[in-house]
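# Analysis of the macromolecular model
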Amino acid sequence: MRRTPRDTEASSRRVTRRALMMGAGMSAMVAALGARMRFLGVDQADEFRLLAEENRINIRLIPPTRGLIQDRNGKLIAGNEQNYRVTITREDAGKTDAEVEAVLHRLSNLIPMTKDDLASTLKDIKRNSPFVPIIVAERLNWHELSHISVNSPALPGVLPEVGLSRVYPRDIDFAHIVGYVGPVSDRDIEAQESPDPLLRIPKFQIGKIGVERWMEDTLRGSAGTKRIEVNAVGRVMRELSREEGIKGRDLRLTIDADVQNFVQARLGDESAACVVIDVTNGDIIAAVSSPSFDPNLFVRGISQKDYSALTENDHRPLANKVVQGAYPPGSTFKMVTALAALAEGAIDENSTVRCNGYLEISGRKFYCWKHAGHGKVDLKKSLAESCDVFYYDTCQKIGIDKIAEMGRKLGFGARADLPMSAISEGLMPDRDWKQARYKKEWLIGDTINASIGQGYVLATPLQLAVMAARIASGTEVEPRIIHSINDQPVPVPPAPSLGLEGAKLRAVQMAMFEVMNGAHGTGKGARIADETMQMCGKSGTAQVRNISTAERDSGVVSNDNLPWKQRDHALFVAFAPADNPRYAVSVVVEHGSSGSGVAGPIARDALLRAMTGDIPPLSAYPPSQRGRMETLLNALKLRLPDGSPPAPSKV
């Protein structure tokens, strides 16, 4: 086909357009390359010149700010304080071990460092990567930090810096709940499948016990990074850039710091535990284990002398008795046996038993605490006067399995789901348990002992408080200690009903009211006089030694005449106000001898503090006790309103 001049002209135009497009593309590429070359050769010239002159750019992790822990009202429990410290980086300090040691020796002339400190630092340097900064000393004062900065030319690889360290402003009040932080150990790292890179930072601190440990992932946050310029001799020249990490989330506990402090002071020097719980939602208002310890000692590095003082104390200040201590519940368990029998229809509130001081079964006598007996006893009187024989008789009608079933319904034998360390399940035994544990059959004597909270039965103070709260509310309320995370409330699911008939539950509640307010109630000495705050309660005394028949015949030795460790434990559970329960309490005083005389008054005062929101008013006490209680309350060493320690006593 013959091409015309018109076709040739059109083809020429297409070629010219394509050439222009290709030319434009090539020009753009050249311009981009030129811009990149200018960026590298001009804008970044200083940085690359530094690198060419043997300066280095290092990237280091920035530990995040640890989340705060507060009480239910926002009062600080665990915070962070400014911490002047000095670090050394192996690759910047010298090429040989001798050079590194020389730097440390010069540093030791500027700040206090012992031979052990030097040896520990060298050990950390050798076991970590050369580029990882090692903390040499912490909690320096401003003068020491300035001295290091002035001498920095002679200290290659040494960097003075400002960090944050954990502090517990309310020290002993929350030691067992919140716990403390400490340096990451090899065991901590091995326990995790994919350890956070932060854990590789020498002496990085993580939670060791309590809330600090079990909420570690929430409190820790995420690391940031910084780029620093280091010259040829390892001196940090400047920080080039910084990307801050993500702060750990704040926690707010259900604990009321003021109630906690009051109970801590009220327990005094006793080896004891007390729990106050809101029966409507399970909030733990106070959870005190006494004696306590100062967690700040562990953060700052506890001395061997201080640690030995804690471990050698027979009152066990390091143990959290609230959840770790498992005790025979004694007569505080009688409500379990009563409710089990009522639920099964084996008894009603009018059923009676005659107590002559003992019940003989299969040729063996099981004694009541009252040698002369209580005479004719019904449910109300059995609890009010704590008659043992009533429960010896009642338990045989239902057996241990029904008692154990009710015990579990009321919280016994179950590990609470709380962020606290070493929580005990206690023990709610039954036939299967004994067979599995001892390969033995359950005996009638085992049931007799269990019916009054002795034998194999064990409970923690927390479980006793939960039992009281469930009896008060008629629901399976669960204890909780985390109120909110970053101000977002933790949901509280509605507690299911215990499934007990109202009349049967009220029968036990009224019997507990009689314990405190009846003419012959064992707890009347700890009663509340103000009718708007009257309490329902039950005392308990748990034996820690066997009493022989010969001793019973000759007279049981008084607790006052026994060594401290052989005296009975004193227990008490209660709830108030009686007509509309809001708070439940449990108190266990190790070797306290008397549940009603020792544990009862503490339980009453804890309830009053929670109900009134202040120091209990004297009007709440019986007139005959007001003078003594005024002296006792005034002598309590309570924190000042701002949370600071109490003012020293004037001599």
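The following paragraphs examine the structure supplied in this document. Remember, predicted model here, so these are calculated numbers, not experimental data. (Residues numbered from 1 in each chain as written. Predicted model: local features only at pLDDT ≥ 70, side-chain atom pairs only at ≥ 80, totals over all residues. Heavy atoms only, no water.)

## Digging into the overall build of the chain
Going by this rule: Here a strand is any run of E in DSSP of at least two residues, a helix any run of H or I of at least four, and the numbering for each starts at the N terminus. Radius of gyration here is computed from C-alpha atoms only, and the compact-globule reference equals 2.2 Å multiplied by the residue count raised to the power 0.38. In this scheme, a residue with accessible area under 20% of its type's maximum is buried, one over 50% is exposed, and one in between is partly exposed, where area comes from a 1.4 Å probe on protein chains only. Contacts were defined at the residue level, with two residues in contact if any of their heavy atoms lie within 4.5 Å. In these tables, accessible area is a Shrake-Rupley quantity obtained with a 1.4 Å probe, and a residue counts as shielded only by the protein chains included in the view. Charge counting follows a simple rule: Lys and Arg are positive, Asp and Glu are negative, and His as well as the terminal groups are ignored. For charged residues, the charge sits on one atom: NZ in Lys, CZ in Arg, CG in Asp, CD in Glu.
Of regular secondary structure, the chain possesses 24 helices and 21 strands. Against the globule reference of 26 Å for 651 residues, the chain gives a C-alpha radius of gyration of 35 Å, more extended than a compact globule. Counting only residues that meet the buried cut, the chain has 49% of its 651 residues in that class. Restricting to contacts in the chain with at least 6 residues of sequence separation, those with at least 24 account for 72%. Entry remark: accessible area of the chain is about 31,700 Å², with carbon and sulfur atoms responsible for 51%. Positive and negative side-chain charges in the chain, numbering 82 and 78 respectively, have mean positions lying 4 Å apart.

## Thoughts on the sheet that holds strand β20 (residues 569–576)
Heads up, the rule is: Between any two strands, pairing holds if DSSP finds at least two bridges. Working convention: axes come from line fits to C-alpha atoms, limited for helices to the stretch in contact. Angles between N-to-C directions cover 0 to 180 degrees.
With respect to topology, five strands assemble into an open sheet ordered β12-β11-β21-β20-β19, the strand pairing being antiparallel. Here the strands that pair on one side only, and so sit at the sheet edges, are β12 (284–290) and β19 (536–542). When strand polarity is set aside, the average angle formed by the axes of neighbouring strands in this sheet is 5°. Pairing of β19 with β20 involves seven bridges; the strand directions are antiparallel. Counted as the bridge partner of Cys536 is Phe575 from β20. Sheet strands touched by helix α11 (residues 257–267): β11 (272–278) and β12. Its angle to β12, the strand with the most contacts, is close to 30°.

## Considering unusual backbone geometry
With omega at -5°, the peptide bond leading from Ser290 into Pro291 counts as cis. Checked against the element boundaries, Pro291 lands in the loop between β12 and α12 (296–300). A cis amide bond links Ala576 to the next residue, Pro577, at an omega of -10°. Along the chain, Pro577 turns up in the loop between β20 and β21 (583–589). With a phi angle near 55°, Ser362 is a residue other than glycine that sits in the positive phi range. By the element assignment, Ser362 lies in the loop between β14 (358–361) and β15 (364–367). Although it is not a glycine, Ser386 sits at a positive phi angle of roughly 55°. One can find Ser386 in the loop between α16 (379–384) and α17 (388–409). Ser386 gets classed as buried once you look at its relative accessible area, which sits at 6%.

## Observations concerning helix α15 (residues 334–344)
Taken across its eleven residues, α15 has nine buried, putting it largely inside the fold. For α15, the full list of buried residues reads Lys334, Met335, Val336, Thr337, Ala338, Leu339, Ala340, Ala341 and Leu342. Where α15 terminates, the next one or two residues include Gly345, which has phi positive at roughly 75°.

## A few points about the pairing of β15
Across four bridges, the pairing between β14 and β15 is antiparallel. Residue pairing across strands places Leu359 opposite Phe366, the latter belonging to β15.

## Section: the packing of helix α4 (residues 97–108) against helix α5 (residues 115–127)
Applied cut-off: Handedness of a crossing follows from how the near helix is turned relative to the far one, being left-handed for an anticlockwise turn of less than a right angle and right-handed for a clockwise one. Three residue categories are used. Nonpolar comprises Ala, Val, Leu, Ile, Met, Phe, Trp, Tyr, Cys and Pro, charged comprises Asp, Glu, Lys and Arg, and polar comprises the others, including Gly.
Their axes nearest at 11 Å, the elements α4 and α5 cross at an angle of 140°. Two packed elements cross with a definite hand, and for α4 against α5 that hand is right-handed. Listed contacts from α5 to Asp97, Val100, Glu101, Leu104 and Ser108 of α4 are Leu118, Thr121, Leu122, Ile125 and Lys126. Here the contact of α4 with α5 is built from residues that sort into five nonpolar, two polar and three charged.

## Some points on the state of the cysteines
Counted only if it meets this: Disulfide: a pair of cysteine sulfur atoms within 2.5 Å of each other.
Enumeration over the complete set of coordinates arrives at zero disulfides. Its sulfur unpaired, Cys368 is 4.0 Å from the next cysteine sulfur, which belongs to Cys355. For Cys368, a relative accessible area of 5% gives the class buried. Cys274 supplies the cysteine sulfur nearest to Cys536, a cysteine that is in no disulfide, at a spacing of 17 Å. The class for Cys536 is buried, based on a relative accessible area of 3%.

## Side note on the nonpolar core
Stated precisely, the cut-off is as follows: Nonpolar cores are built from buried Ala, Val, Leu, Ile, Met, Phe, Trp, Tyr and Cys residues. Side-chain atoms within 4.5 Å join them into one set.
Ile177, Val263, Val276, Leu462, Ile471, Val508 and Val585 are the most contacted members of the largest nonpolar core, which has 136 residues in total. Per-element tally for this core: the top contributor is α17, with ten residues. In this view, Leu462 contacts Val275, Ile284, Val322, Val323, Ala416, Leu418 and Pro479; residues no more than four positions away in its chain are not counted. Formed by 22 residues, the second largest nonpolar core is a distinct cluster that contains Val86, Leu110, Ile134 and Leu140.

## Quick notes on the packing of α17 against helix α19 (residues 444–451)
Here is the rule: Orientation labels follow simple angle bins: below 35 degrees gives roughly parallel, above 145 gives roughly antiparallel, 65 to 115 gives roughly perpendicular, and whatever is left gives oblique.
Relative orientation of the contacting elements α17 and α19 amounts to 105°, with a least axis distance of 8 Å. Here α17 lies roughly perpendicular to α19, going by the angle between them. In contact with Tyr391, Tyr392, Cys395, Gln396, Gly399, Ile400 and Ile403 of α17, α19 contributes Ile444, Thr447, Ile448, Ala450 and Ser451. Split by residue class, the contact of α17 with α19 holds eight nonpolar, four polar and no charged.

## Observations regarding α17
As a reminder, the rule being used: The span one expects for a helix is its residue count, reduced by one, times 1.5 Å. Given a residue, its bend is the angle between the two axes fitted to the seven residues that end at it and to the seven that start from it.
Helix length check: α17, at 22 residues, gives a terminal C-alpha distance of 23 Å against a target of 32 Å (1.5 Å per residue), a shortfall beyond 12%. The largest bend in α17 is about 95°, located at Gly399. Backbone geometry just after α17 places Gly411 at a positive phi near 110°.

## A closer look at the side chain of Gln454
Looking at where Gln454 falls in the secondary structure, it is placed in the loop between α19 and α20 (461–473). With sequence-adjacent residues up to four places away left out, Gln454 is seen in contact with Pro328, Gly330, Asn449, Thr541, Ala542 and Gln543.

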